[in-house]
Amino acid sequence: MANEKTVVWYRPGKPVKAVRVELTLANMQKLVGGKIQIVPLEPKGNSPEYTLICNEDGKNKYHNDALFPLLNNNGNIVDVIFGPCFIAGKLMTDEDGEETFIDLLREDYLRIVRRFGKGAVKNEKKETAETEAADLRQLTACRNMLARLRARKNGKCSLSDG
């Protein structure tokens, strides 16, 4: 297919996976398990811009399946992603007004996995201390945000509460 792009696919309980797919609305909805929400991601350091495509109703539909927090460039949590999602290249508009995603390269895949983690991976070889520390920080942030979201849902506190 002429319009296939490589994306980095995250699913609860499964390892992250690079897949090539034609990014039609129907295919994107299959990857995220429902209606899509497109979120441009802030570039971090010298990384290019990427685009997160997640389930529009992920927090309600997959409330026990937090994947990773979204952090701004200051390291503050701005959201937590729940349920299946994928990260594609930057969304661009061509000269004909058609929107398309920039294709990801192997280097992009590695940057994305370093930034957002690998998902649940079993029986994997020992990782670097840097990657393990990043995954632990992301897991801790997800758990903290999930606790705040549950408390907020129960009317006990706001998201800004520590």
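It should be noted that the structure appears before, not after, this text.
Since we're looking at a predicted model, the values are computed, not measured. (Residues numbered from 1 in each chain as written. Predicted model: local features only at pLDDT ≥ 70, side-chain atom pairs only at ≥ 80, totals over all residues. Heavy atoms only, no water.)

Visitor: What is the right way to read the environment of Val-32 from this model?
Guide: Inspection of the secondary structure puts Val-32 in helix α1 (residues 25–32). Along the chain, Val-32 and Cys-54 lie 22 residues apart, while their C-alpha atoms are 5.8 Å from each other. (Helix = DSSP H or I, 4+ residues; strand = E, 2+ residues; numbered from the N terminus.)

Visitor: How do you make sense of a negative patch on the surface when you look at a structure like this?
Guide: A surface patch of negative charge is lined by Glu-95, Asp-96, Glu-98 and Glu-99. Examined against the element boundaries, Glu-95 turns out to sit in the loop between β8 (91–93) and β9 (99–101). Assessed through its relative accessible area of 75%, Glu-95 is described here as exposed. (Patch = residues over 30% accessible without salt bridge, like charges linked within 9 Å, V, L, I, M, F, W, Y side chains within 5 Å. Areas by Shrake-Rupley, 256 points an atom, 1.4 Å probe, with all protein chains shown as cover. Salt bridge = Lys/Arg side-chain N within 4 Å of Asp/Glu carboxyl O. Lys, Arg positive; Asp, Glu negative; His and termini not counted. Charge placed at Lys NZ, Arg CZ, Asp CG, Glu CD. Buried < 20%, exposed > 50% of the residue type's maximum accessible area, 1.4 Å probe, protein only.)

Visitor: Teacher, can you tell me more about the sheet that holds strand β7 (residues 85–89) here?
Guide: Remark on secondary structure: sheet strands pair via backbone hydrogen bonds, oriented parallel or antiparallel. The sheet built from five strands is open, its strands ordered β2-β1-β7-β4-β3 with antiparallel pairing. Every interior strand has two partners, whereas the edge strands, β2 (17–22) and β3 (36–41), have only one. Strand after strand, the sheet turns through a mean of 30° between neighbouring axes, direction not considered. Here six bridges tie strand β1 (residues 4–10) to β2, and the two strands are oriented antiparallel to one another. From the neighbouring strand, Val-7 faces β2, where its bridge partner is Val-19. This element, helix α3 (residues 106–116), spans β1, β2, β3, β4 (50–55) and β7 of the sheet and lies at about 20° to β1. (Pairing = 2+ DSSP bridges. Axes fitted to C-alpha atoms, helices over the stretch in contact; angles between N-to-C directions. Contact = heavy atoms within 4.5 Å.)

Visitor: I'm lost on α3 in this one. Help?
Guide: Every α-helix carries 3.6 residues per turn, so stepping three or four residues along brings you back to the same face. Residues Asp-108, Ile-112, Val-113, Arg-115 and Phe-116 constitute the buried set of α3. What you see down the axis of α3 is that its buried residues fit within an arc of 165°, all on one side. Downstream of α3 by one or two residues, Gly-117 has phi in the positive range, about 90°. (Arc of directions from axis to C-beta.)

Visitor: It is not clear to me how the pattern of salt bridges should be interpreted in this structure. Could you clarify?
Guide: Close approach of charged atoms allows side chains with opposite charge to pair. According to the stated counting rule, one finds four salt bridges in the structure shown. The partner of Lys-90 in a salt bridge is Glu-49, with the nearest N and O atoms 3.6 Å apart. With Lys-90 in the loop between β7 and β8 and Glu-49 in the loop between β3 and β4, the pair connects residues that are 41 residues apart, well separated along the chain. Relative accessible area serves as the criterion here: at 29%, Lys-90 is assigned to the partly exposed category. The partner of Arg-111 in a salt bridge is Asp-108, with the nearest N and O atoms 3.4 Å apart. Here Arg-111 pairs with Asp-108, and both are found in helix α3, just three residues apart, close to one helical turn. Take Arg-111: its relative accessible area is 26%, and that puts it in the partly exposed class. Take Asp-108: its relative accessible area is 8%, and that puts it in the buried class.

Visitor: I'm lost on the nonpolar core in this one. Help?
Guide: The nonpolar side chains of soluble globular proteins are, as a tendency, buried together. Residues Tyr-10, Leu-52, Phe-68 and Ile-87 are the most contacted members of the largest nonpolar core, which totals 18 residues. Sorting the residues of this core by element identifies β1, β3, β4, β5 (66–71), β7 and α3 as the ones contributing at least two each. Not counting residues within four places of it along the chain, the set of residues in contact with Leu-52 comprises Gln-37, Ile-38, Val-39, Leu-41, Phe-68, Leu-70, Ile-81, Cys-85, Phe-86 and Ile-87. Counting residues in hydrophobic clusters, the runner-up holds 13 residues, among them Val-7, Trp-9, Leu-31 and Ile-36. (Core = buried A, V, L, I, M, F, W, Y, C linked by side-chain atoms within 4.5 Å.)

Visitor: Quick question: what am I supposed to make of the packing of aromatic side chains here?
Guide: By convention here, two paired aromatic rings are described through the distance between centres and the angle between planes. Per the counting criterion, the structure on display carries two aromatic pairs. Taken together, a centroid distance of 5.1 Å and an interplanar angle of 70° make the contact between Tyr-10 and Phe-68 edge-to-face. Of this pair, Tyr-10 sits in strand β1 while Phe-68 sits in strand β5, and the two are 58 residues apart along the sequence. Each member of the pair, Tyr-10 as well as Phe-68, carries the same accessibility label: buried. Where Phe-68 meets Phe-116, the ring centres are 4.9 Å apart and the plane angle is 45°; that geometry is what we call tilted. One end of the pair, Phe-68, is in strand β5; the other, Phe-116, is in helix α3, with 48 residues separating them in the sequence. By the burial criterion, Phe-68 is buried, and Phe-116 matches it. Among the aromatic residues, ring-to-ring pairing joins Tyr-10, Phe-68 and Phe-116 into one connected group. Arg-11 extends its terminal NZ or CZ atom over the ring of Trp-9, reaching a point 4.2 Å from the ring centre. (Phe/Tyr/Trp six-rings, centres within 6.5 Å; stacked < 30°, edge-to-face > 60°. Lys NZ or Arg CZ within 6 Å of the ring centre and 35° of its normal.)

So yeah, pure geometry; function would need other evidence.
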